[in-house]
Amino acid sequence: MKTLANEVGVELDIRPPIGTGSLLLFPIFTGGAPAPDYVCGAGADDSEVVAFHELDDGAEVAELVVENGGELPLLLIEGEMLLGLKQNRTLNTSVVRRAPPPRSPCRVSRPDAGAHPVR
């Protein structure tokens, strides 16, 4: 019988699920080296080390500048909502932004794109 542990080739420690409603996430740990320290977008936002800005040469719907003012790398997860600026946006892909460089572009899209018909 195939198991996840056999497929990845390492011993897995599957912890009790964390969930809400019908969604359950099972934390999975290995005995390997620990991951490097980083901060996630929401945690960085709470500690005010991340800021998003429009492009220096003018606003563009599909791109923002992310500024990591912290000492740890910043992990931004695909689908995270970025509220404010000229309009709300969502991240198109997961990215890691190291510090430095403190400012770098980030691809985004409007969550309501296509909701307003063009006349």
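Fair warning: this is a prediction, and the values are worked out from it, not measured in the lab. (Residues numbered from 1 in each chain as written. Predicted model: local features only at pLDDT ≥ 70, side-chain atom pairs only at ≥ 80, totals over all residues. Heavy atoms only, no water.)

A closer look at the pairing of strand 7 (residues 63–68)
Going by this rule: Exposure categories follow from relative accessible area, calculated using a 1.4 Å probe and restricted to protein chains: below 20% of the type maximum is buried, above 50% is exposed, and the middle band is partly exposed. Working definition: helices are DSSP H or I runs of at least four residues, strands are E runs of at least two. Numbering for both runs from the N terminus. Strand pairing is defined by DSSP finding a minimum of two bridges between the two strands.
Along strand 7, five of the six residues are buried, which leaves the element largely enclosed by surrounding structure. Sheet analysis places strand 6 (residues 50–53) next to strand 7, joined by four bridges and oriented antiparallel. For His-53, the partnering residue across the bridge sits in strand 7 and is Val-65.

What to know about the pattern of salt bridges
Put simply, the rule reads: Within this document, salt bridges are pairs made up of a side-chain nitrogen of Lys or Arg and a carboxyl oxygen of Asp or Glu, the two lying within 4 Å of each other.
Counted according to the given criterion, the structure contains one salt bridge. The residue Arg-15 makes a salt bridge to Asp-13 at a minimum N-O spacing of 2.7 Å.

Description of a nonpolar patch on the surface
Quick note on the threshold: Here a patch means residues that are over 30% exposed by relative accessible area and free of salt bridges, tied together within 9 Å if like-charged and within 5 Å if nonpolar (Val, Leu, Ile, Met, Phe, Trp, Tyr). Using the Shrake-Rupley algorithm and a 1.4 Å probe, accessible areas are obtained, with residue cover drawn only from the displayed protein chains.
The grouping of Ile-14, Leu-24, Phe-26 and Ile-28 at the surface amounts to a nonpolar patch, some 390 Å² of accessible area in total. With respect to the helices and strands, Leu-24 occurs in strand 3 (residues 23–25).

Looking at the nonpolar core
Burial of nonpolar side chains together is a common tendency in soluble globular proteins. Rule in force here: Buried residues of nine kinds, namely Ala, Val, Leu, Ile, Met, Phe, Trp, Tyr and Cys, make up a nonpolar core once their side-chain atoms join them within 4.5 Å. Residues are treated as being in contact if the distance between any of their heavy atoms lies within 4.5 Å.
Counting residues in hydrophobic clusters, the biggest one holds ten residues: Val-50, Leu-64, Val-66, Leu-74, Leu-76, Leu-82, Leu-91, Val-95, Cys-106 and Val-108. Taken together, the elements giving at least two residues each to this core come down to strand 7, strand 8 (74–76) and strand 12 (103–109). If sequence neighbours within four positions are ignored, Leu-64 has contacts with Phe-52, His-53, Glu-54, Leu-55, Leu-82, Leu-85, Arg-89, Ser-104, Pro-105, Cys-106 and Val-108.

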